[in-house]
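# A structural walkthrough
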Amino acid sequence: MGMDKQESVKKLFTAQSAKVDTNRGDAYYEALYVKCQERLDALKKLRPLNNRRDFLSTIEDEGLERRDFLKWASATTAMLMLPASFTPLVAEAATLMNRVPVIWIELSDCAGNSEALLRSDGPKIDEIILDIISLEFHETLQAASGHQAEKQMEEAMEHFKGKYLLFVEGAIPLGMNGQFGTIGAKAETFVDHLHRAAEGAAAVVAVGSCATYGGIPAAAPNPTDAVGVMDVVKGKPIINIPACPANPSNMVGVILHFVLTGQIPELDSLLRPKFAFGYRIHDNCERRAHFDAGEYVEEWGDEGAKNNFCLYKMGCKGPMTFNNCSIIRYNEGVNWPIGVGRGCIGCSEPDFWDKYAYERPMANANIKAPTGGVEKTVDQFGLGLLTAAGIGIGIHAAASAIAGKKENQKEEA
Amino acid sequence: MKKIKIKELIEKIEGEAELDFTIEDGRIEDVKINFGFYRGIEEILQGRDAWDALVITPRVCGICNHAHLIAAVRAIEDGYQNAGINLLLSEKAKKIRSFTLACELIQNHMKWFYMTIVPQLEAYLQIDNRQNHALKATYLSSTVTKALAIFAGQWPHSSYAIPGGVSCDPTHLDLMQAEALIDECIRFVEQVLIGMDMAQYLDISSVSQLHEVGGDLGRLMHLIGSSGMATLGQSYDRFIVFGESLLSSSGKSIATAVSKVDPRYVQESAQDESMAKAVTYKKRLYETGPLARGMVAKRPIIKSLHKRYKDALLTRIFARMHEVSLLLTESKRLLRELDLNEPSCTLDIDTRCADFEGTGIVEAARGSLIHQTEVSGGLIHRYEIITPTQWNLSHGSGDEHGIAVEAMIGSKSIQEATFIFRTFDVCSVCTTQ
Ligand code: SF4
Ligand code: SF4
């Protein structure tokens with residue numbers, strides 16, 4: 001690769017434009033602070049929605065100290081892209097999570113997000129928060145089952161009408177009049193079920209790539225005609241938390257943001273919260289220095305692999321994937337795919353199952369640059385790659401342009 | 001004689017199932033198991049690059065995704081072998097894969113026990129227990145999946161296994177961290193699940209010593225015994241295991257006689273009114289899963305329980321929970337034996353094979369999982385996924401009922417029958433895909 005090409009690639013991949021401008025000025029934050037305070041005071045007056053455990057005593061029961069909790073609060077404040085002065089508010093919001101009702105439904109899915117969220121990982125404190133979140137209804141976690149569970153969901157929807165956050169896991173199969181997925185004793189189709197549940201929701205949160213874009217069920221030839229929530233639900237604020245599975249920290253972040261501000265967080269053009277999807281895996285990757293130095297793993301298990309070199313040539317899609325795994329990682333922060341020498345597969349991007357999910361190097365993947373060329377090797381990638389990366393940045397630029405609109409939507413929440 | 005039909009919804013499994021009961025004179029006479037759910041994963045795989053199965057198939061199931069990954073990678077490796085490429089995995093790669101699989105089984109069993117079996121039994125027997133069982137499940141499974149993630153990057157849906165080995169290159173520090181996590185799991189199991197020293201527990205070989213088991217497992221066994229439920233839920237007493245694993249080798253067991261199996265005799269067929277396909281071995285139905293593994297491995301305590309209770313729910317539940325201690329002990333041994341100097345992956349990057357047929361078999365939490373891939377010109381021509389639940393939950397074939405159906409027939413209430421149903425560790429997303 002010619003020197004100048006390499007330089008321009010490097011420039012592009014380090015461009016500030018790929019990142020969200022997080023600072024919105026003192027006046028903005030001062031106003032927001034007051035607003036959040038009022039919101040929290042109002043929430044405090046409400047009774048907790050259910051008889052779940054008190055947050056702080058739960059923390060003690062779990063053997064965590066207040067210091068750990070504050071550490072978590074400041075990390076979460078940073079994750080939500082708020083100034084450090086908001087930390088006490090975030091901490092307080094966490095203790096008020098049981099004032100906001102959440103209903104969780106599962107459609108065409110593998111239950112992986114529920115697994116990720118409610119049963120397996122997530123930093124310890126996130127997990128406890130999830131335990132005390134006022135989860136009014138969740139199909140798998142519900143104590144009741146069968147007809148009784150159905151009744152509970154009806155009641156929750158009626159009682160919290162207009163107030164609850166609806167979390168949706170899984171795609172919506174529209175084929176065969178929706179008969180590919182039915183639920184309950186009346187065999188209600190997933191699409192009808194979603195419409196009914198969304199009706200009284202304050203906002204709908206699509207968790208995971210299936211609920212966001214249709215996910216694996218929507219992979220070509222899309223046998224069940226599966227789509228995401230935003231293709232079905234109209235006239236409601238929608239927040240997408242893609243990735244496969246979605247990261248629990250981001251789910252908690254969305255709820256916390258809602259508790260704190262009464263609004264949904266700022267979104268990009270794909271309705272993803274900017275605090276989580278505002279930058280690329282590649283921007284904060286621990287192997288980035290090796291990318292910049294041109295040191296790549298060339299084959300599985302080689303010397304480069306042993307030295308944690310960059311996985312670009314092994315098909316890493318980090319340069320075109322917007323997500324925060326490189327920072328928050330998975331399974332209580334223990335690790336993440338790139339940490340074990342497997343490139344990112346772009347699981348939080350639309351159509352990743354068709355375009356990105358290839359085990360082979362990106363050069364041979366189906367990501368077509370506008371010139372129509374599909375690159376063969378890194379050494380030849382020049383223009384093609386630039387355009388491919390350009391697409392990622394293009395999306396982002398569009399995101400900023402549309403952000404204004406999304407912000408209007410936010411006010412309704 | 002009065003015949004009535006009742007529909008019952010089964011939730012709290014991955015996805016949902018519907019059981020249509022036919023009840024005659026207060027006894028369950030027949031059951032139809034329906035899964036109203038289909039995604040078409042096998043169809044989606046057609047025409048894709050052979051290696052795409054590594055990313056797509058784990059997403060069949062959020063709870064046994066890792067087993068799918070390993071089955072997919074083995075199918076490709078088997079195909080390469082069949083095409084004449086000599087693939088020799090390093091011991092290190094094999095051991096790491098065994099380790100991560102063991103972790104997945106452990107988290108599954110613990111969740112099933114604490115989130116399904118214990119609460120359902122307490123509800124059925126009307127025992128008021130204020131303990132938060134779900135938290136116990138969460139604690140242990142998050143600890144063990146952390147150990148898994150050290151090698152696999154994340155759980156669920158990791159992709160770290162690749163034809164020829166694994167992509168990770170763990171350090172001694174990683175091993176120490178993993179071992180500390182496994183030790184913590186052992187401590188938890190000793191204190192909370194079995195209430196005794198694990199080594200002593202694993203020495204138990206006969207039913208007469210089972211009273212020594214304490215903890216929640218001991219309590220559960222006692223509840224089942226004292227409520228007269230121990231002998232419920234018997235089926236055909238036929239078991240099958242296709243995969244080689246830490247727990248057993250392959251084979252089938254018919255009323256304790258163990259013999260060899262050959263996956264070529266496995267047959268899949270569509271069923272009326274269900275999106276799940278039935279599967280048979282030489283036209284007969286078999287139970288697969290932990291009880292099958294215990295029987296095929298001729299594990300003394302399982303055989304002793306079987307002698308007294310046959311394939312009833314007590315034996316079935318114990319066999320699954322017994323695997324937790326076996327796997328924790330084995331996984332610790334694997335970590336100790338790991339030689340980090342061996343290569344992680346032995347497949348040369350230029351060795352690609354465009355035309356092959358391969359089968360990948362894995363012992364997953366619920367039993368044998370089989371992937372079959374037929375590749376031509378580098379693209380998948382046909383992909384077949386046969387899941388454990390297809391064995392256990394089919395309607396039946398010919399004049400025989402399905403395995404779980406047979407176990408439920410004769411029950412005196414729907415509640416009793418659904419509890420029996422759950423002892424098979426039901427998963428609807430895997431059954432229909
Ligand atoms: S491993 Fe991937 S995300 Fe990380 S620096 Fe290399 S290309 Fe970028
Ligand atoms: S690293 Fe890439 S593939 Fe992995 S979870 Fe994050 S976005 Fe998805």
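The rules behind the values
- Residues numbered from 1 in each chain as written.
- Chains lettered and ligands numbered in written order.
- Predicted model: local features only at pLDDT ≥ 70, side-chain atom pairs only at ≥ 80, totals over all residues.
- Heavy atoms only, no water.
- Helix = DSSP H or I, 4+ residues; strand = E, 2+ residues; numbered from the N terminus.
- Rg over C-alpha atoms; globule rule 2.2 N^0.38 Å.
- Buried < 20%, exposed > 50% of the residue type's maximum accessible area, 1.4 Å probe, protein only.
- Contact = heavy atoms within 4.5 Å.
- Areas by Shrake-Rupley, 256 points an atom, 1.4 Å probe, with all protein chains shown as cover.
- Lys, Arg positive; Asp, Glu negative; His and termini not counted.
- Charge placed at Lys NZ, Arg CZ, Asp CG, Glu CD.
- Phe/Tyr/Trp six-rings, centres within 6.5 Å; stacked < 30°, edge-to-face > 60°.
- Lys NZ or Arg CZ within 6 Å of the ring centre and 35° of its normal.
- Salt bridge = Lys/Arg side-chain N within 4 Å of Asp/Glu carboxyl O.
- Domains from an automatic or database assignment.
- Buried area = accessible area lost by both parts, 1.4 Å probe.
- Polar contact = N/O pair within 3.5 Å; in protein donor to acceptor, adjacent residues only side chain to side chain.
- Nonpolar A, V, L, I, M, F, W, Y, C, P; charged D, E, K, R; others polar.

Turning our attention to the overall build of chain B. Summing up its helical and strand segments, chain B has 15 helices and 15 strands in all. Since a compact globule built from 433 residues should have a radius of gyration of about 22 Å, the 21 Å found for chain B is in line with a globular shape. For chain B, the spread of C-alpha atoms along the principal axes amounts to about 70 × 50 × 40 Å. For chain B, buried positions account for 65% of its 433 residues. In chain B, once contacts between residues fewer than 6 apart in sequence are set aside, the share between residues at least 24 apart is 71%. Surface exposure of chain B reaches about 14600 Å², of which carbon and sulfur atoms provide 49%. One finds the centroid of the 46 positive side-chain charges in chain B at a distance of 4 Å from the centroid of its 55 negative side-chain charges.

So, on to unusual backbone geometry. Put simply, Ala220 of chain A and Pro221 of chain A share a cis peptide bond, and its omega is 0°. With omega at 0°, the peptide bond leading from Trp155 of chain B into Pro156 of chain B counts as cis. Examined against the element boundaries, Pro156 of chain B turns out to sit in the loop between helix 5 (133-152) and strand 4 (161-162). If you check the backbone angles, Asp225 of chain A has positive phi at about 55° while not being a glycine. Positionally, Asp225 of chain A belongs in the loop between helix 10 (208-213) and strand 8 (226-227). Relative accessible area serves as the criterion here: at 40%, Asp225 of chain A is assigned to the partly exposed category. We note that Lys298 of chain B has phi near 50°; this positive angle belongs to a residue other than glycine.

Here we take up the packing of aromatic side chains. Residues and elements named next belong to chain B. Here the structure, examined in full by the defined rule, presents 16 aromatic pairs over all chains. Ring centres of Tyr281 and Tyr286 lie 6.0 Å apart, and the angle between their planes is 80°; on these two criteria the pair is classed as edge-to-face. For the pair Tyr281 and Tyr286, one class covers both residues: buried. Taken together through their ring pairs, the aromatic side chains of Phe242, Tyr265, Tyr281, Tyr286 and Trp391 make up a single cluster. In this structure, Arg238 is placed above the aromatic ring of Tyr286, and the distance from its NZ or CZ to the ring centre is 5.7 Å. Residue placement shows Arg320 over the ring face of Trp112; its charged tip is 4.9 Å from the ring centre.

To continue, consider the pattern of salt bridges. Taken as a whole, this structure holds 36 salt bridges over all chains when the rule is applied. The residue Glu92 of chain A makes a salt bridge to Lys44 of chain A at a minimum N-O spacing of 2.6 Å. Residue Glu92 of chain A is found in helix 5 (residues 87-95), and its partner Lys44 of chain A is found in helix 2 (residues 26-45); the two are separated by 48 residues along the sequence. The exposure class assigned to Glu92 of chain A is partly exposed, which follows from its relative accessible area of 25%. Residue Lys44 of chain A is classed as partly exposed on the basis of its relative accessible area, which comes to 40%. Note that Glu416 of chain B and Lys412 of chain B form a salt bridge whose closest N and O atoms lie 2.6 Å from each other. The exposure class of Glu416 of chain B is buried, given its relative accessible area of 2%. Judged by relative accessible area, Lys412 of chain B falls into the exposed class, the value being 51%. Overlapping salt bridges, with partners in common, bring together Lys95, Glu330, Arg333 and Glu337 of chain B in one network.

Moving on, we get to the domain arrangement of chain A. All names here are of chain A. Along its sequence, chain A is organised into domain 1 (27-276) and domain 2 (279-364). With 28 residues of domain 1 in contact, the opposing surface of domain 2 contributes 16 residues. Summed over both partners, the interface of domain 1 with domain 2 buries about 1600 Å², with 55% contributed by carbon and sulfur atoms. In this structure, the connection of domain 1 to domain 2 is made through one salt bridge. At the boundary of domain 1 and domain 2, one finds nine residue pairs in polar contact (both at pLDDT 80 or more). Contributions of two or more residues to the side of domain 1 that touches domain 2 are made by helix 7 (124-132), helix 10, helix 11 (248-261) and helix 12 (274-277). Class assignment of the residues belonging to the side of domain 1 that touches domain 2 gives a composition of 16 nonpolar, eight polar and four charged.

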